[in-house]
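Chain by chain, the residues:
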Amino acid sequence: MSHRSPSPRCNERRIPSGPILTRAILLAAALLLLPATSPAEPPCGSFEPGPSAEPGPLGEAGVVASALEPAVNGGIVPLPTRSGLVDEEDAEPRAEALIAFPKHPNGEQPKLRADQLAPGARVVESFFSPVICSTVARVVGPLELDYSELVRGLPETTLVVPNPVYVTAVDEVRAAGDPYRSFQYGLDLAGVEHARALTNGRGVRLALLDSAPQSNHRDLGVIRTLDLLDGREPPAPALHGSLMAGVVGAIEGNGFGIAGVAPGVEILAIPVCRGDAYGTADACDLFDLLVGVDLAWENGAHIVNLSLVGPPNPLLSHAMDRLEALGILVVAAAGNEGTTDPRFPAAYASVIGVGAVDRDGKPYARGNQGVSVDVLAPGVEILSTVPGDRFAFGDGTSLAAAHVSGLLALALSTGGDLTGVRRAFFAAARARAPQPHDGPLPMPAACDVLAELGRPCLSTSGGL
């Protein structure tokens, strides 16, 4: 199989909440002097209102009392802070104004006298801003008043502005897709998106007896890597196994990479082959393969994908027959030697052997044919995951087998059993084949298989 790679935070000091006595006392709210002594606060210059700021009504220029001067109208009530709000009236529409009181040159801050609030107006929260070097107070009052009428008689250094509402600048949100999805003609031929309302493969365990995939690849879903034998070092992520995992189970709709045929499937990665991040011809000896078959059964696999080929062997034949008897579907690649001679395990009757075709349905030039091939599936220019959170295009019957395994996972996840799903898969494939037909069948569309199982999709499309 070939492959091609496509500022420190300012200290904020707030006026502590005080008891809310009566409405009359609230009207006598006053701003307290808050000296700024923290070295973390930015230096304060003179307050310069911006060009869009509108100063509020200014009364007679009087002396603004310092914090040491006696309070008027019965005493000073500490202003509520942002967390100190409020009563039921604040849920009603109100006129609102913001008042910014800059510091005096000597560092003092002025305060608000009760007679500077309009009748019915009150301060509901305030805080000192070290950024703008001012105490900012929010004043609410009767709705019939303009914001500029809520306060009066303030010194010229004070700024009064409305309290407008700003909105975030996202105009429309659309679900994130998979950037490379347009390259995945195999998903179109499998018609998987038309079946998504019914299934994405969730609940099915699919065993990849292969080299180790990159299990933490950003675009791969649930992968559980099993230790082949105690004491063996965990294998490094390899190219071939990663390609297979991506075709079957790449995460759909995550805004990264590709989508898998059955993205909800749980992959059991069983590293029976020795490979690396660059090679496509991994070595998988029969001993390890037999150990892997046992692990697949012990861990509840429903489907076993064998994207590997070799000679016949009685133990391998027996293992394949046993998996079928135990209720496990086995899918295998036919091989890439351009021969009609049988290759195994694809040629065993208990195994679904898969050959490769391109996007136009033409057979892959190097793909094996003959008794090793039951079904033809996409296997040319297939984009999938590779180690390093990357992607690459690959050719070969291995990729075709992974497409069929994913399609079977979709059917099984709707509640079908081994016998029923296998029968429905081949019935749908025969219905799609031109008549009369002799030879390998085209891969059916997911919705055609589901219809055979009595679970029709709302629409059907795809298939070779």
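Residues numbered from 1 in each chain as written. Predicted model: local features only at pLDDT ≥ 70, side-chain atom pairs only at ≥ 80, totals over all residues. Heavy atoms only, no water.

Draft legend 1. Broad picture of the nonpolar core. In terms of nonpolar packing, the biggest core is built from 64 residues, with V265, I303, I352, V354, V404, L408 and F425 touching the most fellow members. If one sorts the elements of this core by residue count, helix α6 (residues 397–412) sits on top with 11 residues. Judged by nonpolar contacts, the second largest core, of 28 residues, contains L226, L295, L316 and L323. (Core = buried A, V, L, I, M, F, W, Y, C linked by side-chain atoms within 4.5 Å. Buried < 20%, exposed > 50% of the residue type's maximum accessible area, 1.4 Å probe, protein only. Helix = DSSP H or I, 4+ residues; strand = E, 2+ residues; numbered from the N terminus.)

Draft legend 2. Geometry of the packing of helix α4 (residues 286–298) against helix α5 (residues 314–325). Here α4 crosses α5 at 15 degrees, and the two axes come no closer than 11 Å. By the angle between their axes, α4 is roughly parallel relative to α5. Like other packed secondary-structure pairs, α4 and α5 cross with a definite hand, here left-handed. Between α4, through L286, L289, L290 and V293, and α5, the contact on the second element is made entirely by L315, L316, A319, M320 and L323. (Axes fitted to C-alpha atoms, helices over the stretch in contact; angles between N-to-C directions. Parallel < 35°, antiparallel > 145°, perpendicular 65-115°, else oblique. Left-handed = near helix turned anticlockwise from the far one by under 90°. Contact = heavy atoms within 4.5 Å.)

Draft legend 3. Focus on the pattern of salt bridges. Taken as a whole and judged by the stated rule, the model has 12 salt bridges. Among the charged side chains, a salt-bridge network with shared partners connects R181, D188 and E193. (Salt bridge = Lys/Arg side-chain N within 4 Å of Asp/Glu carboxyl O.)

Draft legend 4. Molecular detail of the sheet that holds strand β5 (residues 159–162). Ordered in space as β3-β4-β2-β5, the 4 strands form an open sheet in which the pairing is antiparallel. Unpaired on one side and paired on the other, β3 (122–129) and β5 mark the two borders of the sheet. In this sheet, neighbouring strand axes are inclined to one another by 20 degrees on average, regardless of whether the strands run parallel or antiparallel. (Pairing = 2+ DSSP bridges.)

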